[in-house]
Amino acid sequence: MSTPVKMAPIGAIPGSGPYHVSEKGYYGEFGGAFIPEMLYPNVEELRQKYLEVMSDPSFKEEFNQLLKDYVGRPSPLYFAKRMSEKYGPRIYLKREDLNHTGAHKINNTIGQILMAKRLGKTRIIAETGAGQHGVATATVCALMGMQCIVYMGEIDIARQAPNVARMKMLGAEVRPALSGSRTLKDATNEAIRDWINNPVDTHYIIGSAIGPHPYPDMVTRFQSVISEEIKYQLKEKEGRENPDYVVACIGGGSNAAGTFYHFLHNEDVGIIAVEAAGKGIDSGESAATSVLGHKGIIHGCKTLLMQTDDGQITEPYSISAGLDYPGVGPMHAYLHTSGRAEFKAITDDEAMKAGLELCKLEGIIPAIETSHALAIFENNTFKPDDIIVVALSGRGDKDLNTYIDHFGL
Amino acid sequence: MTTNRIHQKLQEDKKILSIYFTAGYPDLEDTVPILEKLQESGVDMVEIGLPFSDPLADGPTIQESSTRALKNGMTTTKLFDQLKNVRDKIHIPLILMGYFNPMMQYGVERFCVQCAETGIDGLIIPDLPVDVYEEEYKDMFERYSLFNIFLITPQTPDERIRFIDSVSDGFIYMVSSASVTGAKNTFGDVQKQYFERIHALHLKNPQVVGFGISNAETYKAATKLARGAIIGSAFIKTISEKGIEGIPEFIKGIR
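Predicted, not measured: the structure shown is a model, and the values here were computed from it.

Definitions and cut-offs
- Residues numbered from 1 in each chain as written.
- Chains lettered and ligands numbered in written order.
- Predicted model: local features only at pLDDT ≥ 70, side-chain atom pairs only at ≥ 80, totals over all residues.
- Heavy atoms only, no water.
- Helix = DSSP H or I, 4+ residues; strand = E, 2+ residues; numbered from the N terminus.
- Rg over C-alpha atoms; globule rule 2.2 N^0.38 Å.
- Buried < 20%, exposed > 50% of the residue type's maximum accessible area, 1.4 Å probe, protein only.
- Contact = heavy atoms within 4.5 Å.
- Areas by Shrake-Rupley, 256 points an atom, 1.4 Å probe, with all protein chains shown as cover.
- Lys, Arg positive; Asp, Glu negative; His and termini not counted.
- Charge placed at Lys NZ, Arg CZ, Asp CG, Glu CD.
- Salt bridge = Lys/Arg side-chain N within 4 Å of Asp/Glu carboxyl O.
- Polar contact = N/O pair within 3.5 Å; in protein donor to acceptor, adjacent residues only side chain to side chain.
- Pairing = 2+ DSSP bridges.
- Buried area = accessible area lost by both parts, 1.4 Å probe.
- Nonpolar A, V, L, I, M, F, W, Y, C, P; charged D, E, K, R; others polar.
- Axes fitted to C-alpha atoms, helices over the stretch in contact; angles between N-to-C directions.

### As for the overall build of chain A
Per the secondary structure count, chain A includes 17 helices and 14 strands. A compact globule built from 409 residues would reach a C-alpha radius of gyration of about 22 Å, and chain A, at 20 Å, matches this within 12%. Projected onto its principal axes, the C-alpha positions of chain A cover 55 × 55 × 40 Å. The proportion of buried residues among the 409 residues of chain A is 63%. For chain A, contacts bridging at least 24 residues in sequence account for 74% of all contacts bridging at least 6. As displayed, chain A offers around 14800 Å² of accessible surface, 51% of which is attributable to carbon and sulfur atoms. The distance from the centre of the 40 positive side-chain charges to the centre of the 50 negative ones in chain A is 3 Å.

Here you go:
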């Protein structure tokens, strides 16, 4: 009898390095699985099986086929000519905004819904802040004919009515999170409680590179298609695989994780993560976790998070609903403390200005999250021959009201 | 040789009634008065909840009491202040129950020192996994004679239950069903089978059942095979409706 050939899982990189998750689920001192015992069987089942499932050729084939035919991948790597002329370096935009549902979120939900099916789960739960991950989850549940329940803070439901309507049209049930501050972190708490109450038939699709191990690694691997594509697309355009810098906005950090992933171990590639400074880092209304956060535990992992001296988790602020999460994924916490990535903070005003500028220069209306990443060119000088890839993580349709209010359009 | 009060209490030949309440609720300074009333009413053991902003394993009742307690101004430092001379009056075992993040910020060893000085007998930390505890904190907890109590659920495999039993001291906290705290339960066949399965494992630590115990009927069902039961949400509802004065009647209604 012949043993089947061992295949590498999705997101496998030759060799291993310090930025890969360890056997026990850590990036440096960050990560792990700090979960109540009630969640242990679910998380343990996932931990034992996720790499095996992601190594299965038929799983990879199904994943890649859906990314191609349903999501519309590969997403273009677009040379932003007028923007480059204005700022100096050669700026490329990785167009995740052109994906089905309008953002990078769907890469992960496609992967996780296939994972859920392999694990025999029939009921899907998710958390959402602005509604992008909720819509991406509702979409794949419709695609697979699975029951879908999305938890969303009561305040966010009121703020994001169009996305709530989208989820309902897609057949999902949107349940308001009524506890705490009634925003994303509380929606996440409610989703975790649902999972505790429904341990057998339910899979929890976490939307960001956070949560107990193996979630940060699994989400990162599903999103790593972004940097995988960047490498060969840049090779075609510039004759080299590696840019001088990759840039992404970061809340929990899923688009950043996917954009950085295949460049993590090449120290020639600079990594820039852009956080939301809100109304200013010291204003008391900010989401700049790398500056304001301290080591602690949130939603099942050890990472950097915004909290009081007493260890109570605080409510962050950003004009962009996708960046106002009080923590950052454990891999990013390690990229920050190890110095591998450079973290920058951009205010609401700077981001809004950069978003509007991209509309005028390139004819692209970006999500406000993405606008934070675009804003770094205003205050940073790069060399003219630097090649910089910015993850254009989402489109701005969902943010029209915020743009209208901000600029009095 | 052990002087831990949990251990002594469990040597007694009787079923244990343990009560959970959130420190700082309904009012900030209620912690010690509630403890006194509970002791007077014949409760065997108490779990004092350290409120947390994001209590993942708790249902609405305990969440709300935590939010309120934090608004009232409860902190880790404040709680230790309130409990400073508690052992002058309170002789039953006291357990602190809280999530790990506030303990980390306070400093885990400093937290243990304070517990030992205060006369705390044990800790329940729902989001500190047993393997991390064993590797990083077990020696420290033992140095301060603190029992760390772990949870098991109907989904916990036998092998893992045995592992938890091997690193536990005091008792094992048996979560009655797959749920967060405060779920309405009647104990049906599924629970009975679960209670019997655990009983048949002949663990070294006694088991105390929690989650979904709210009245005499569920208390009786839970303690048929287990050594005791814990009431949390139902107790918090009582003190929020009737105040501290309602405690003796509530306890009398249980057993």
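Text resumes after the structure shown.
### What about the pattern of salt bridges?
The tally for this structure, following the rule as stated, stands at 46 salt bridges over all chains. Note that E154(A) is salt-bridged to R182(A), the shortest N-O span being 3.0 Å. Note that E154(A) is positioned in helix α6 (residues 154–159) and R182(A) in the loop between β7 (173–177) and α8 (184–197), a separation of 28 residues in sequence. In this structure E154(A) comes out as partly exposed when scored by relative accessible area, which is 35%. A single salt-bridge network, built from bridges that share partners, covers K9(B), E12(B), K14(B), D44(B) and R255(B).

### A word on the environment of D310(A)
Position of D310(A) among the secondary structure elements: in the loop between β12 (301–305) and α13 (330–337). On the accessibility criterion, D310(A) (14% relative accessible area) is buried. There is a polar contact of 3.4 Å between the side chain of D310(A) and the side chain of Q312(A). A distance of 3.1 Å separates a polar side-chain atom of D310(A) from the backbone nitrogen of T76(B).

### Quick notes on the pairing of strand β9 (residues 228–231) of chain B
Residue and element names in this part refer to chain B. A two-sided burial pattern is seen for β9, the buried positions comprising G228 and I230 on one face and A229 and I231 on the other. As defined by bridge partners, strand β8 (residues 207–210) adjoins β9 across two bridges and the pair is classed as parallel. Paired with V208 across the bridge in β9 is G228.

### Considerations on the interface of chain B and chain A
Listed per partner, the contact involves 36 residues of chain B and 33 residues of chain A. Regarding the contact of chain B and chain A, the summed buried area is about 2800 Å², with carbon and sulfur atoms giving 55% of it. The tally of links between chain B and chain A comes to three salt bridges. Note that K24(A) and E135(B) form a salt bridge whose closest N and O atoms lie 2.8 Å from each other. At the surface where chain B touches chain A, the tally comes to 18 residue pairs in polar contact (both at pLDDT 80 or more). Mapped onto the side of chain B that touches chain A, the elements with two or more residues apiece are α3 (60–72), α5 (100–106), α7 (130–143), β6 (151–152) and α8 (158–167) of chain B. If one sorts the elements of the side of chain B that touches chain A by residue count, α5(B) sits on top with five residues. In terms of residue class, the side of chain B that touches chain A is built from 21 nonpolar, ten polar and five charged.

### Observations concerning the sheet that holds β7(A)
Residue and element names in this part refer to chain A. Pairing is parallel in the open sheet, where four strands are placed in the order β7-β6-β5-β8. At either margin of the open sheet sits one strand with a lone partner, and together these are β7 and β8 (202–205). Each neighbouring strand pair of the sheet contributes to a mean axis angle of 25°, computed without reference to strand direction. Two strands pair when backbone bridges link them, and strand β5 (residues 123–128) and β8 are joined in this way by four bridges, in the parallel orientation. Note that in β8 the partner of I125 across the bridge is Y204.

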